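# Summary of the model geometry
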Amino acid sequence: MLTWEATGVGSQPGQDHLEAARLVFGELPDLPYLPELPARGVGADMIGRTAGLLVELPVEVQPSGWRLTGRPGRDHQRAVDHLRRDLDGLEEVGHAYEGPLKVQVCGPWTLAGALELRHGDKVLSDHGAVRDLADSLAQGVAEHIAEVRRRLPGVTEVVLQLDEPGLPGVLAGTVPTASGFGRLAAVEEWRVEASLRRFPAPIVHCCAPSVPYDLLRRAGVRGVSVDASLVRRRDEEAVGEAVEAGLLLFLGVVPGTDTRLPDVGVVAKPAVELWRRLGFPAERLAGQVVLTPSCGLAGASPAYARAALAACRKAARVLRDDPEAGGAE
């Protein structure tokens, strides 16, 4: 049975990378992760942080956002420095840790919809450029995972999460052009499937409506991470087929920004009720469902971020110990 109970999506509030790492390892002993701190600014945001991993595709910041460039400059170096500092902190805090560890990067399609070509539109507008970007990212991710393993030799497995909040828009043809006056053409599903297969058994996180569950299942991903409040009844057949195929379901059950958190039974309730509607045996619930916040916690207060992760961990024990009673009032 899966031993992961709960984890976070990735981002944390504040700018103290050591404190963020201590929080994650303290509250999420089953599946801690390398925290992201976008409040630090340029190069710490999701796009810049991941762009810093690209191999032979340097980036810079323009008024319109991140853009590919001819050679590495100050912006690219900031992204590299932020990640190196985070890895230093990870090594300091987690040096004695033994177990799985999750790392997060922006997925190739959200990245392609955000990055601009050197002299033109979004990378997403050019199939060849998207292919080159995905290849570069896959190589950079492999090197990143190897670096994590080198720094933390007790890590038994590095779990890769691809953040793809922009994927539904890529498939629907709603991503704006660089000018903002038009929309880029919808991308064929086979292209998305092929690109996702370049990455080692990823968890794909998409905290947006219209998650393409069937596509992700066909692409062979290990699991899907979603906001439970955005799972509609019309999605449930596809969710059920994904679960039946063995995919893990990372369910976001607490908000990513400050609110009053309910009792742990109520926190667990969306997972329990979805599982019942899908018709799977209660004893399988804890083996395929991991509880998380609904999205990253960058916009939360430090106190709430700690409480949200603790709530996910405690609610996950309800799924494990008494799944039939979970969610009872």
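Our subject is the structure listed above.
Residues numbered from 1 in each chain as written. Predicted model: local features only at pLDDT ≥ 70, side-chain atom pairs only at ≥ 80, totals over all residues. Heavy atoms only, no water.

## Observations regarding helix α10 (residues 264-278)
Worth spelling out the cut-off: Only runs of H or I of at least four residues qualify as helices and only runs of E of at least two qualify as strands under DSSP, and these elements are numbered from the N terminus. One fewer than the residue count of a helix, multiplied by 1.5 Å, yields its expected span. For a residue, the bend is simply the angle between two axes, fitted respectively to the seven-residue segment ending there and the seven-residue segment starting there. Think of it in three bands: with a 1.4 Å probe and only protein chains considered, a residue is buried below 20% of the maximum accessible area for its type, exposed above 50%, and partly exposed in between. Contact criterion: two residues are considered in contact whenever any of their non-hydrogen atoms come within 4.5 Å of each other. For the purposes of these results, a polar contact is taken to be a pair of N or O atoms within 3.5 Å, where, inside protein, one atom must be able to donate a hydrogen and its partner to accept one; residues adjacent in sequence count only when each atom of the pair is a side-chain atom.
For α10, spanning 15 residues, the distance from its first C-alpha to its last is 22 Å, which sits close to the expected 21 Å at 1.5 Å a residue. For α10, the principal kink sits at Pro270 and spans about 35°. Within the sequence span of α10, burial applies to Gly265, Val267, Ala268, Ala271, Val272, Leu274, Trp275 and Leu278. Packing partners of the buried residues in α10 comprise α9 (236-244), β7 (248-254), α11 (285-288), β8 (289-293) and α12 (302-321). One side-chain oxygen of the residue at the start of α10 lies 2.7 Å from the amide nitrogen of Gly265, identifying that residue as Asp263. In the stretch just after α10, Gly279 is the one whose phi turns positive, near 85°.

## Some thoughts on the sheet that holds strand β4 (residues 155-163)
For clarity, the cut-off: For two strands to be treated as a pair, DSSP must find no fewer than two bridges joining them. Lines fitted to the C-alpha atoms define the axes, with helices restricted to the stretch that makes contact. Angles between their N-to-C directions range from 0 to 180 degrees.
What the 6 strands build is an open sheet, ordered β3-β4-β5-β6-β7-β8; its pairing is parallel. The sheet is open, and its two borders are formed by β3 (99-106) and β8, each paired with just one other strand. On average, adjacent strands in this sheet sit at an angle of 25° to one another, irrespective of strand direction. Pairing between β4 and strand β5 (residues 203-205): 3 bridges, direction parallel. For Leu162, the partnering residue across the bridge sits in β5 and is Val204.

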